[in-house]
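Structure at a glance
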Amino acid sequence: MYQLTRVCKPSRARFVHLGIGVRPLLLRHLPSQPLTTDALEPPKPSKSRPQIPTEPLPRSRLLSRILLVAKYTGLAAFSSTFGILLLGAGIFIHDAFTYTNKDVDRVPVLPLALHPEQGGPKNLPIVRALVDDVEDDEAKKLLDKPKLVIVGGGWGAVSVLDTLSLGDWHVTIVSPETFTTFTPLLPSAAVGTVQVRSLVEPLRKIVARLRGHYVDARAIDLVMSERLLELETLTSTGKPQRVYLPYDKLIIACGSTSSTHGIQGLEHCFQLKTISDAQAIRRRILDNFETASLPTTTPEERKRLLSFVVCGGGPTGVETAAEIYDFCQEDIVNYYPKICREEVSIHVIQSREHILNTYSEAISKYAEEKFRRDNVDLVTSARVGAVHPDHVVYTVRSPDGTISTHEIPTNFVLWSTGIAMNPFTRRVSALLPNQVHKKAIEVDAHLRVKGAPLGDVYAIGDCATIETSVVSHLLELVDEADKNKDGKIDFDEFDFMVARIKHRIPMAESQLQKVRTLFDLYDSDADNSLSLNELCKLLEEIGNKITALPATAQRRKREVLEANGIQDLDEAVSTPFRYTHLGSLAYIGNAAVFDLGNLSFMGGLMAMYAWRSVYWSEQVSARTRFLLMMDWLIRGVWGRDLSRL
């Protein structure tokens, strides 16, 4: 028998702790042999000491993170350096091919462009040729094309230019301003939130795609019988000079001006229609704060200087008041004496019961609540009586009908209360006896000016309004629909008449949905026919229910301009203009509101960013989009520019 002795071995964990590698034990089958005493003896030590493999000590976690950060920092620095070098190389290559000497010698010019002939009712120079009409082969190809003249450089004019194709028209745009303006952001430019350069795009660059021409002039009069547009230009000495510009098609898109409502003292007010208006407002606001900061300014004078009055609670007035409030909260309080911010008062005078009254009721209430939290004084159901150099007089009608008179001392008044005709549109309207609208030129469903030679003169934008009177077409409609010529309109004839009304005046469709109900309602004698008197009453009621909307050029097709020499070609190649309301939006001070018809959206920063996104996408060019984005970024980081330029 053998006696087995238990031998205790150190654990594997202890070997690992000592840094000694442990190999796994290999088991194999050994043949059975008799156990001898030699096998029980411990092994004799060998002469050569075996090398015990060791594992490297684990790297500390902090060191690993430092090396990882250093690695990615180096990659970022290398990428940035490479990007800057690549950008610099691109700019160098661009400059190398841009700044080259371009020799222009012996440019051809038509004799009529240098020496225009005299003519027309006033015997003025007739500009039948421009100095760049034949300067190259591409320009020569357009010389015999129909002459399309566009008066104005606003949204309507630019929208028309976007729909045209190169080579179809000899295009000339007439405007006293050399640029088009993104007018919705003028309130932001008035306080320096964005720069005015970010809102303008030169008209020459826009019309260059069509190889068109720009004339720096103001439209004065129109001779429709001879297709001559009278312009007023300035000579090198600043003296006015008048000329005639011929046209084959004329598009009036010169916008509108603010309505005065017969109020006295409007010469003391600012308007916000142009870049010049925004610059003047900005200078006045900065002047007021600088003067209010002087120690010699009395408390009463300081309050008057820091009182801002906005007449009109529409989008322009509300956005201007909101921008002034933001300017005071974000910049004035940081860089001017604190007393200037404390003494600021902003007043909005609105003739209706609510501001933004053309928006939904929920939006109006939200904007009013926002202004009340911001301590903006809202004066509703009020009318301005007079504007004086140092104060505004207005009256307020109380719920019981009593009228009280109030005054607001101020050194800043913005007038923004509706639109009215500018001098040229007023002149065109006076030339046509059937133009009875007081605020705009009335056009038909194809945007043709009513009363003008058919297919010659169009009007779009704020200067135009689509006709809503159906009764004026009574005789024409009866002549088309009365098949049996009995002087009465039965139901089948009335159904045909309804189709013709929808074609002539698309905005009347909503009032002509239930044809049979309308027919029975106005068939007073129940003889299953409508007499002329009954029909006149029906059409008059329909016209009164149609809401007049401004004509815009955003959804007009190119075919509306294709009427050339044939009176009915407009109706043959183009469907009537249909106004589509895409929505209204307004900025109310680090918040915005959206009225999308059946859907209203309002809120804080998220709504403001949505408002910015819409206006950013509506910019005319990529250049203005980039500049606008940079302006918003600069204002967010460094604030508004307080320089008075």
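So, here is what we can say about the structure in this document. (Residues numbered from 1 in each chain as written. Predicted model: local features only at pLDDT ≥ 70, side-chain atom pairs only at ≥ 80, totals over all residues. Heavy atoms only, no water.)

A few points about the overall build of the chain
Counting its regular elements, the chain contains 21 helices and 29 strands. Here the chain holds 645 residues, and the buried ones make up 41% of them. For the chain, the accessible surface area stands at approximately 37,500 Å², while carbon and sulfur atoms represent 56% of it. (Helix = DSSP H or I, 4+ residues; strand = E, 2+ residues; numbered from the N terminus. Buried < 20%, exposed > 50% of the residue type's maximum accessible area, 1.4 Å probe, protein only. Areas by Shrake-Rupley, 256 points an atom, 1.4 Å probe, with all protein chains shown as cover.)

Overview of the packing of aromatic side chains
Following the criterion strictly, the structure yields twelve aromatic pairs and no others. Seen in terms of ring centroids, F289 and F327 are 6.1 Å apart; in terms of plane orientation they differ by 80 degrees. Their pairing is edge-to-face. Residue F289 is found in helix α9 (residues 275–292), and its partner F327 is found in helix α11 (residues 315–335); the two are separated by 38 residues along the sequence. For the pair F289 and F327, a shared accessibility class is recorded, and that class is buried. Taking the centre distance of 5.7 Å and the plane angle of 50 degrees together, the rings of F494 and F519 count as tilted. One end of the pair, F494, is in helix α16 (residues 491–504); the other, F519, is in helix α17 (residues 515–522), and 25 residues separate them in sequence. When sorted by exposure, F494 lands in the same class as F519, which is buried. One aromatic cluster is present, built from ring pairs that chain together F270, F289, F308, F327, Y336 and F412. Across from the ring centre of F491, 4.4 Å away, lies the NZ or CZ of R516, which sits over that ring. The ring of W616 has R625 lying over it, and the distance from NZ or CZ to the ring centre is 5.9 Å. (Phe/Tyr/Trp six-rings, centres within 6.5 Å; stacked < 30°, edge-to-face > 60°. Lys NZ or Arg CZ within 6 Å of the ring centre and 35° of its normal.)

Considering the side chain of N422
Along the chain, N422 turns up in the loop between β20 (419–420) and α14 (423–431). For N422, a relative accessible area of 11% gives the class buried.

Remarks on the pattern of salt bridges
Here the idea is simple: oppositely charged side chains can pair when their charged atoms come close. Scanning the model with the defined rule gives 25 salt bridges in all. Note that E330 is salt-bridged to R635, the shortest N-O span being 2.8 Å. Taken together, the residues span a long stretch of sequence, with E330 in helix α11 and R635 in helix α21 (residues 622–638) at a distance of 305 residues. Under the relative-accessibility criterion, R635 is labelled buried at 18%. Across the salt bridge formed by R516 and D520, the nearest N and O atoms sit 3.3 Å from each other. Here D520 and R516 lie together in helix α17, a separation of four residues that amounts to about one turn. With relative accessibility at 44%, the residue D520 sits in the partly exposed group. (Salt bridge = Lys/Arg side-chain N within 4 Å of Asp/Glu carboxyl O.)

Let's talk about the pairing of strand β19 (residues 412–415)
Alternating residues of β19 divide into F412 and L414 and V413 and W415, and every residue in both groups is buried. Here strand β13 (residues 307–311) pairs with β19 via four bridges, running parallel. When the bridges of β19 are listed, F308 appears paired with F412. (Pairing = 2+ DSSP bridges.)

Observations regarding the sheet that holds strand β11 (residues 249–252)
The strand order β7-β4-β3-β11-β22 describes an open sheet built from five strands, whose pairing is parallel. In the strand order of this sheet, the two ends are held by β7 (213–216) and β22 (457–459), each with one partner. With direction set aside, neighbouring strand axes in the sheet form an average angle of 20 degrees. Sheet analysis places β11 next to β22, joined by three bridges and oriented parallel. Within β22, the position partnered with L250 by the bridge is V457. (Axes fitted to C-alpha atoms, helices over the stretch in contact; angles between N-to-C directions.)

Side note on the state of the cysteines
For the structure on display, the rule yields zero disulfides. The structure places no disulfide on C311, whose sulfur is separated from the nearest cysteine sulfur, that of C269, by 5.8 Å. The cysteine C328 is free of any disulfide, with C340 supplying the nearest cysteine sulfur at 9.6 Å. Judged by its relative accessible area of 1%, C328 falls in the buried class. (Disulfide = S-S within 2.5 Å.)

Some remarks on the nonpolar core
L229 and F494 are the most contacted members of the largest nonpolar core, which has 73 residues in total. Leaving out residues up to four positions away in the same chain, F494 has contacts with I489, V515, F519, L530, L535 and L538. The next biggest cluster of nonpolar side chains, apart from the first, holds 60 residues, and it includes I285, V318, V344 and F371. (Core = buried A, V, L, I, M, F, W, Y, C linked by side-chain atoms within 4.5 Å. Contact = heavy atoms within 4.5 Å.)

Here's the deal with the sheet that holds strand β29 (residues 600–603)
One open sheet accounts for three strands, arranged β27-β28-β29; its pairing is antiparallel. Of all the strands in the sheet, the pair left with one neighbour each is β27 (584–587) and β29. For this sheet the average axis-to-axis angle between neighbouring strands, irrespective of direction, equals 5 degrees. Across four bridges, the pairing between strand β28 (residues 592–595) and β29 is antiparallel. Among the inter-strand pairings, F594 is bridged to a residue of β29, identified as F601. Contacts between helix α20 (residues 605–617) and the sheet are confined to β27, β28 and β29, with β28 contributing the most and set at about 65 degrees to the helix.

What about a positive patch on the surface?
Together, R352, R383, R397 and K439 make up a positively charged patch on the protein surface. Here K439 shows up in the loop between α14 and β21 (441–443). Overall, K439 belongs to the partly exposed group, its relative accessible area being 45%. (Patch = residues over 30% accessible without salt bridge, like charges linked within 9 Å, V, L, I, M, F, W, Y side chains within 5 Å. Lys, Arg positive; Asp, Glu negative; His and termini not counted. Charge placed at Lys NZ, Arg CZ, Asp CG, Glu CD.)

Brief notes about a nonpolar patch on the surface
A cluster of nonpolar side chains, contributed by V104, V107, V109, L114 and V131, occupies part of the molecular surface with about 430 Å² of accessible area. Position of V109 relative to the elements: it lies in the loop between α3 (61–98) and α4 (111–114).

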